[in-house]
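# Chains, contacts and geometry: an overview
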Amino acid sequence: MSHKRIPKRKAAIAVGGVVALGAAAILLPSANASQDGAPDDVAAAPRTLKAGDASDLATRLAGTLGDAYAGAWYDGEEKRLVVNVVRGEGDMALKVRSAGAEVREVDNSMAELEAGADTLKSEATIPGTSWAVDPRTNKILVTADSTVTGDKWDQLESTVESLGSGMATLTKSEGTFRTFVSGGDAIFAGGARCSLGFNVTAGDGSPAFLTAGHCAAAGDAWSDQQGGEPIATVDQALFPGDGDFALVRYDDPATEAPSEVNVGGQTVPIVQAAEATVGQQVFRMGSTTGLADGQVLGLDATVNYPEGTVTGLIQTNVCAEPGDSGGSLFTQDGLAIGLTSGGSGDCTVGGETFFQPVTTALEAVGATLGDGGAAAGDGGADAGDEAGAEEQGAGQEAGAGAGDQADGQDAGAEQDGAGGHQGVQEQSDMGSDRRSGLTRTH
C-alpha cells in the first residue's frame, strides 16, 4: 500500500457550521485573571481563579493536607476553589485559607469515600451502573440506568444502604449506559466510523492522534474517507479496563499533525492537556450534536458498560448522542480535558456522559500534546490570553464515535456546508442547529 503526505489542513478533520450553545458568552477569552499577588502565608479572602489554576491549587493542597483532604470543587460563579477538610482539622483549614481557597468542613474523609467505592465494586458491579465521588455533596454519586431493575436494583440499593447514612446517593437514569458508537463524520475502519480526538506526538517523535479505545475494535487501519486508503494504524488501545483510549499513528511520518483545530476555517491551538476539576465548565464537540457545554460532576468514575467495566473516567452533565464517541472535551482556555467515552440520554432530555482523561491517556501511551505538557501548569493559566477563540478548538478533529455503518452515515459524513462556515457561534436555542455536520478542509 502506498502512502501519501497529508497536507496540514487535511490532517485535521474540521468542525464547520453554526453550532448551538446553551450558555451566554462562552468561547470568549476569560475576563477573570488569577489574583496571584496575594501572599500565600496570609489567610485572606478566597482568590479569584481560572479553572485551570484551581485544578493546580487543588492538587497541591491535596498533597499538603494528607488525610484531612476530602476533595475539592470549582465554584464557577464565584471563580473560587472550595476545598473539603475533615471536620476538626482546624490547622489544615488555615492552610487552605492561606493558599487562597475556600474551606468547607465535612464528615466523610476521602479514605472513607474510596472504601465505599471499593465496596460498590466488589458487591454491585452490575451493567448499567456507575459511581464517582462528588465533593460538592461529600458523598458517592451512584447512578443506575433503565436496565437496572428487579433483583439487580435490589442488590444495588442494598449495597448503597450498607455504606451507611450520608455516604452515598442513588439515582435512576432514564437512559441506558452505552458507548456512543454510531454516525458522525470522522475516520473510518471497515464499515465503522469514529472520531479523531486530539493530534499528538508519539514517544518516538512521529505524528499520531488519540481517540476512544472502543473505536479500535472496528479495525487497525483507519482512513479519513469512507472506503478510502488507510492513513493511520492503531498502535495501542485500551477498553474496557482502566480507561477508554487509543493511540493511532499516521502511516506517513511526514504527516503534519498540528496541535490545533480548524473550526469553520479558523485554526485554534490546543496548548496543553489538563486535569478536570469538579464544578468546572467544559465543552464537548461532536459531529452528531455539535458543541455542548456543562459541568464536571465527578472524577475517577467507574462505568459498567455492557462490554465491561471502565474505571478512571470523568463524569459530566454534558449531553452527547451516538456519533459523538472519541470527540474532544475541553475548556474555555483551550486546554484538552477528555475523550468522549459513553453515557446515557441525549441532547433533548440530557443525561450522564463519561470521558477518558487526556492526561491519563498521554501518560499511558507515552505521547505529548500541545507544548508537550501533560498538565496545565502555569502555562495553561495564560491560555485565555490567546486570540479569543481558544476553546472553540479543543476538539482537535472533533467528531463522532465509532459505530454503525448503516443508514445515515454518508448524510452525516459529508455535511460539508451544513451550517455554513461561520465557525462556532453563540445561539440561544440549543436545538436549532445542534446537528450541523463537520466540514473537511481541502
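Just so it is clear, the model here is predicted, and its values are computed rather than measured.

### Details of a negative patch on the surface
- Together, Asp-151, Asp-154, Glu-157 and Glu-161 make up a region of like negative charge exposed at the surface.
- Looking at the element boundaries, Asp-151 is found in helix 5 (residues 150–162).
- Residue Asp-151 is classed as exposed on the basis of its relative accessible area of 66%.

### Digging into the confidence of the model for the chain
- Mean pLDDT over the chain stands at 75; residues scoring 70 or higher make up 69%.
- Of the regions scoring below 50 in pLDDT, residues 1–42 engages in 143 contacts with residues more than four places distant in sequence or in other chains.

### Some words on helix 2 (residues 51–65)
- The terminal C-alpha atoms of helix 2 lie 21 Å apart, and with 15 residues this matches the ideal 21 Å at 1.5 Å per residue to within 8%.
- Among the residues of helix 2, those classed as buried are Ala-51, Gly-52, Asp-53, Ala-54, Ser-55, Asp-56, Leu-57, Ala-58, Leu-61 and Leu-65.
- Following helix 2 by one or two positions, Gly-66 adopts a phi angle in the positive range, close to 60°.

### Here we look at the packing of helix 4 (residues 110–123) against helix 5
- One can describe the packing of helix 4 onto helix 5 by two numbers: an axis separation of 10 Å at closest approach and a directional angle of 155°. The orientation of helix 4 with respect to helix 5, classified from their angle, is roughly antiparallel. As helix 4 packs across helix 5, the resulting crossing turns out to be right-handed. Residues Thr-119, Leu-120 and Glu-123 of helix 4 lie in contact with helix 5, whose contacting residues are Gln-155, Leu-156, Thr-159 and Val-160.
- Among the residues forming the contact of helix 4 with helix 5, the class breakdown is 3 nonpolar, 3 polar and 1 charged.

### A few points about the pattern of salt bridges
- If you walk through the whole model with that rule in mind, you get 5 salt bridges.
- Between Arg-87 and Asp-107 there is a salt bridge, and its shortest N-O distance comes to 2.9 Å. Of the two residues, Arg-87 sits in the loop between strand 3 (80–86) and helix 3 (90–98) while Asp-107 sits in the loop between strand 4 (102–106) and helix 4, which places them 20 residues apart along the sequence.
- Taking relative accessible area as the criterion, Arg-87 reaches 47% and is therefore assigned partly exposed.
- Two residues, Arg-136 and Asp-134, come together in a salt bridge whose shortest N-O distance is 3.7 Å.
- Residue class for Asp-134 comes out buried when judged on its relative accessible area of 9%.
- Taken together, the shared-partner salt bridges connect Arg-87, Glu-105 and Asp-107 into one network.

### Some details on helix 5
- Here helix 5 spans 18 Å end to end across 13 residues, near enough to the 18 Å set by a 1.5 Å rise per residue.
- All of the buried residues in helix 5 are Leu-156, Thr-159 and Val-160. Along helix 5, the residues classed as buried sweep out an arc of 100° about the axis, all on the same side. Pointing more than 90 degrees away from the buried face of helix 5 are the exposed residues Asp-151, Glu-161 and Ser-162.
- For helix 5, the secondary structure elements touched by its buried residues are helix 4, strand 5 (129–134), strand 6 (139–144) and strand 7 (168–172).
- Backbone geometry just downstream of helix 5 places Gly-164 in the positive-phi region, at approximately 105°.

### Some thoughts on the sheet that holds strand 3
- Strand order in the open sheet made by the 3 strands is 2-3-4, with mixed pairing throughout. Edge strands, defined here as strands with exactly one partner in the open sheet, are strand 2 (69–75) and strand 4. On average, each strand axis in the sheet is tilted by 25° relative to the strand beside it, whichever way the strands run.
- Looking at chain direction, strand 2 and strand 3 are connected through 5 bridges and run antiparallel. Opposite Tyr-74, over in strand 3, you have Leu-81 as the bridge partner.

### Quick word on the pairing of strand 15 (residues 245–250)
- For strand 15, the buried fraction is high: 5 of the 6 residues fall into the buried class.
- Judged from the 4 bridges that link them, strand 12 (residues 207–211) and strand 15 form a sheet pairing that is antiparallel. Looking at strand 15, one finds that Phe-209 is bridged to Val-248.
- Across 6 bridges, the pairing between strand 14 (residues 232–238) and strand 15 is antiparallel. Within the sheet, the bridge partner assigned to Ala-237 lies in strand 15 and is Ala-246.
- Hairpin connection between strand 14 and strand 15: a loop of 6 residues separates the two successive antiparallel strands, and Gly-241 in this loop has a positive phi of roughly 125°.

How each quantity is defined
- Residues numbered from 1 in each chain as written.
- Predicted model: local features only at pLDDT ≥ 70, side-chain atom pairs only at ≥ 80, totals over all residues.
- Heavy atoms only, no water.
- Patch = residues over 30% accessible without salt bridge, like charges linked within 9 Å, V, L, I, M, F, W, Y side chains within 5 Å.
- Areas by Shrake-Rupley, 256 points an atom, 1.4 Å probe, with all protein chains shown as cover.
- Salt bridge = Lys/Arg side-chain N within 4 Å of Asp/Glu carboxyl O.
- Lys, Arg positive; Asp, Glu negative; His and termini not counted.
- Charge placed at Lys NZ, Arg CZ, Asp CG, Glu CD.
- Helix = DSSP H or I, 4+ residues; strand = E, 2+ residues; numbered from the N terminus.
- Buried < 20%, exposed > 50% of the residue type's maximum accessible area, 1.4 Å probe, protein only.
- pLDDT = per-residue confidence, 0-100.
- Contact = heavy atoms within 4.5 Å.
- Expected span 1.5 Å × (residues − 1).
- Axes fitted to C-alpha atoms, helices over the stretch in contact; angles between N-to-C directions.
- Parallel < 35°, antiparallel > 145°, perpendicular 65-115°, else oblique.
- Left-handed = near helix turned anticlockwise from the far one by under 90°.
- Nonpolar A, V, L, I, M, F, W, Y, C, P; charged D, E, K, R; others polar.
- Arc of directions from axis to C-beta.
- Pairing = 2+ DSSP bridges.

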